[in-house]
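Fold and contact review
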Amino acid sequence: MSRRDVDKVATRNRGSAAESSGISRRRYLQSGALLGTTAGLAGCLGGSEDTLTVGFVLPFTGVYSLLGESIVNGFELYVDEQGGEIAGQEIETVSRDTEADTNTGVSATRELLVESGADALVGPVSSAVATAMMQTVENESSAIWLNANAGDYRLVEEGCLSYHFRTSFNDWQTSAPLAPWVYENVADNVVITYADYAFGDNSRQFFSEAFEQAGGTVVNEIPIPLGTDDFSPYMGDIEGSGADAVYSFFAGSDAVNYVTQFHEFGLDQNMTQTGSGFLLSEDTLPAQGQAALGKFSLLHYTSTDQSERNQGFAQSYADAHDTRPNVYACQGYDSAQAFELAVEEADTDPDAMAEALRGAEIDSPRGSFRFHEETNDPVQNMYVREVVEGSDGPENEVVDTVENIELPTWGCSVN
Amino acid sequence: MIESLLRATLLGLQLGVTLALVATGLTLIFGMMDVINFAHGALYMFGAYFGLLVADALGSFWLALVIAPLIVGAIGAAIEIFSLRPLYGRNPLYHILLTFGLAIMVQGIVVQVWGARSRRIPAPELLAGSVSVGPVTYPVYWLFVLVLSTVLIAAVWVAIERSDLGILMRASAHDTEMVDALGIDVKTVFTGVFVFGSVLAAVAGVLLGASRSVHPGMGFGVIIEAFVIVVIGGLGSFKGAIYAALLIGLVIAYGALIAPALTDLFIFALMATVLVIKPSGLFGTTEAA
């Protein structure tokens, strides 16, 4: 049975897959009886005999809902740009809300792979959810997995799964490469403040190692609980450390509270604040306002980047959603690009898709990147940005680019 | 070290008086109507979000500080009249389920209308920057929150302990039927108390919304602390709520200095200790205030 059965109506329904798979099953019974053949059976059971099915394993409710939404927006923007098709085929998307819960993430993954017959998984946001999904994806081995956010390096170190491709970043990339830059341009001693959970602790460790390797001194490391509202008690330790610069990992509301209070307590006057890009991003800058000015951070995507590729992307994203794209939207957009590339090379055979993506290059708004041959992690430029006063309030300006970074493989070799 | 202690003390006191604003409403509503109001944190969050709305629309923090609590007060009146009132006298479980449902609804509304990203109410220019308090620098705005909350709490104290209205409130809580028999409309008193509690929570929401981020999870965070305060102070006791709020504020601030990861543990350990020594709470009696 042809995958390009043109009269098949693709549904792009976010909510229910049940309806569309019901239709395709009925169609199968009709056409199967007509043709009298069982050759199509395998394809039809997959529920995707003539369309490509993409499963979103993302949070649409709870604290991370903004991230999930942005990833979907980015993905759909690319599909729309291709006239609603990927590699000339209709796209059907099925969404499952993971919240930030690992159990929900695993059952959503199984459902998308087995019942919806997804050809690609896009998501998740949380690394804990990604870790939990790993076994299921490997067991089913029926789809490629485009990890559009979860950045914990241990997904590579412990999982090393050939279907797993990060269209996002790993946490080494958003911390370590900033260390030599800070040492050369800002200060030779730092104090580190970080949100006290796995991701924050990875960032601390990577930055600390790289900074000392560059010749600098880490004078103190201050863990602060996730979800802290008042950073006041820690300000004394930060100031009292005597360091000339601070490196931080905080995100979301923690980043807003930390940056504004750092400014309000007057620490800006004696110390230069640096951090991972999540500290000062499109979703926190409006709330941080003037307090963010003059602070440096490192990320793989910056919406104000002046390249033609990015300006085009940012413009069409703004037209569709009335806001600037954030890093998550870019990651979703690139997931769609990676999927297209895989399908063009290998149709929907998961092993062939993985083979096609390994080492392949993606023309991203962030600047082109390729998937590492050993780990499938993105090999990409990282941008050092400074927050400056823009026309609509504070915005990030790229002040330096860290190119051709050698990526750790943590002993992983997917081949 | 002394600087850290002083800074933590200032934060603890400020946190204490703002928590007292939230806990006062909670304890009065419980004391008078026997309603465990899980939606109280949601009203605090509404205060912050309406504050954001007014500050954006009118460009003034001060107007936000006045108008947002009034809006939330009106919402409080609607909640009391249309959903709580029909359930008075029934098993407390009805109120718990109702107000918990309301809290979830408010959270949903906030995410739909304002989105999930963190925001902040811009603090007034007048209160920007920081000043020296002894050996530490402290943000002017945070001192303002400390002073204004203290004044408000003192005013509420005087009103409840000294004014006729306060006597009426305490009497209604003590013996509803007797007050009713004396020809006073207890229903109106109940609505008034609920509105009053809502307004105080909303004031706290606007005040803290300019020093902390405003986000959809903020209501659930504060309600836990507020309940612990009400339990430690003694259910329904206004005086107890004030003392317990200051105590919890200081525990949170000092806890962050000693062992940041264990702050929640300290809070609940304190609650457990108080309940073991004095099962009805610090000022717990069978009557309010």
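Residues numbered from 1 in each chain as written. Chains lettered and ligands numbered in written order. Predicted model: local features only at pLDDT ≥ 70, side-chain atom pairs only at ≥ 80, totals over all residues. Heavy atoms only, no water.

1. Overview of the nonpolar core
Rules: Within this scheme, the nonpolar core is defined by two criteria: the residues are buried Ala, Val, Leu, Ile, Met, Phe, Trp, Tyr or Cys, and they are joined through side-chain atoms within 4.5 Å. When accessible area is computed with a 1.4 Å probe and restricted to protein chains, residues below 20% of their type maximum are described as buried, those above 50% as exposed, and intermediate ones as partly exposed. Every helix listed is a DSSP run of H or I at least four residues long, and every strand listed is a run of E at least two residues long, numbered separately from the N terminus. For this analysis, residues touch if any pair of their heavy atoms sits within 4.5 Å.
Counting residues in each nonpolar core, the largest one holds 214 residues, and the members touching the most others are A:Ile238 and A:Phe339. Top contributing element to this core by residue count: helix α1 (residues 2-33) of chain B, with 15 residues. The contacts of A:Ile238, once residues within four sequence positions are left out, are A:Val191, A:Thr193, A:Ile222, A:Val246, A:Tyr258, A:Phe262, A:Leu267 and A:Met271.

2. Looking at the confidence of the model for chain A
Note the cut-off: Within a predicted model, pLDDT stands for the predictor's per-residue confidence, ranging from 0 to 100.
Across chain A, the average pLDDT comes to 87, with 88% of residues at 70 or higher. Predicted confidence is poor over residues 1-48 of chain A, with pLDDT under 50, and the contacts of this stretch with residues over four places away or in other chains come to 65 contacts.

3. Some details on the sheet that holds strand β16 (residues 393-402) of chain A
Residue and element names in this part refer to chain A. Definition in use: Between any two strands, pairing holds if DSSP finds at least two bridges. Only the contacting stretch of a helix is used when fitting its axis, a line to C-alpha atoms as for every element, and angles between N-to-C directions run 0 to 180 degrees.
Judged by pairing direction, the sheet is mixed, and its 7 strands sit side by side in the order β8-β7-β9-β10-β11-β15-β16 without closing on themselves. Two strands close off the open sheet at either side, each with one partner strand: β8 (217-224) and β16. Strand-to-strand twist across the sheet, computed as the mean angle between neighbouring axes with direction ignored, equals 25°. Here 4 bridges tie strand β9 (residues 245-249) to strand β10 (residues 272-276), and the two strands are oriented parallel to one another. In the strand pairing of β10, Tyr 247 is matched with Thr 274. The strands touched by helix α8 (residues 198-213) are β7 (189-195), β8 and β9; relative to β7, the strand with the most contacts, the crossing angle is about 170°. Along the sheet, helix α10 (residues 252-264) makes contact with β7, β9 and β10, crossing β9 at roughly 160°.

4. Points about the environment of B:Val193
Residue and element names in this part refer to chain B. Residue position: Val 193 is located in helix α8 (residues 186-209). Residues Val 193 and Leu 28, spaced 165 residues apart in sequence, show a C-alpha to C-alpha distance of 7.2 Å. Leave out the neighbours within four places in its chain, and Val 193 touches Leu 28, Ile 29, Met 32 and Met 169.

5. A short note on the packing of aromatic side chains
What counts here: Any Phe, Tyr or Trp ring, taking Trp's six-membered ring, that has another such ring centre within 6.5 Å forms a pair; planes under 30 degrees apart are called stacked, those over 60 apart edge-to-face, and the others tilted. Look at NZ for Lys and CZ for Arg. If either is within 6 Å of the ring centre and within 35 degrees of the ring normal, a charge sits over the ring.
One pass over the structure, following the stated rule, counts 41 aromatic pairs over all chains. Ring centres 5.5 Å apart and planes at 85° place the aromatic pair A:Phe265 and B:Tyr138 in the edge-to-face group. Here A:Phe265, found in the loop between α10 and β10, pairs with B:Tyr138, found in strand β2 (residues 136-139), and the two come from separate chains. Taken together, the ring pairs in this structure connect A:Tyr78, A:Tyr301, A:Phe313, A:Tyr317 and A:Tyr333 into an aromatic cluster. The lysine or arginine in question, B:Arg90, covers the ring of B:Tyr94, its NZ or CZ lying 5.1 Å from the ring centre.

6. Regarding the state of the cysteines
Residues and elements named next belong to chain A. Just so we agree on the cut-off: For this text, the term disulfide refers to a pair of cysteine sulfurs within 2.5 Å.
One pass over the structure, following the stated rule, counts 1 disulfide over all chains. Across the disulfide, Cys 160 is cross-linked to Cys 412 (sulfur-sulfur distance 2.0 Å). The disulfide joining Cys 160 to Cys 412 has a torsion of about 80° about its S-S bond and is therefore right-handed. Of the two residues, Cys 160 is situated in the loop between α6 (154-159) and β6 (164-166) and Cys 412 in the segment after β16; the sequence distance between them amounts to 252 residues.

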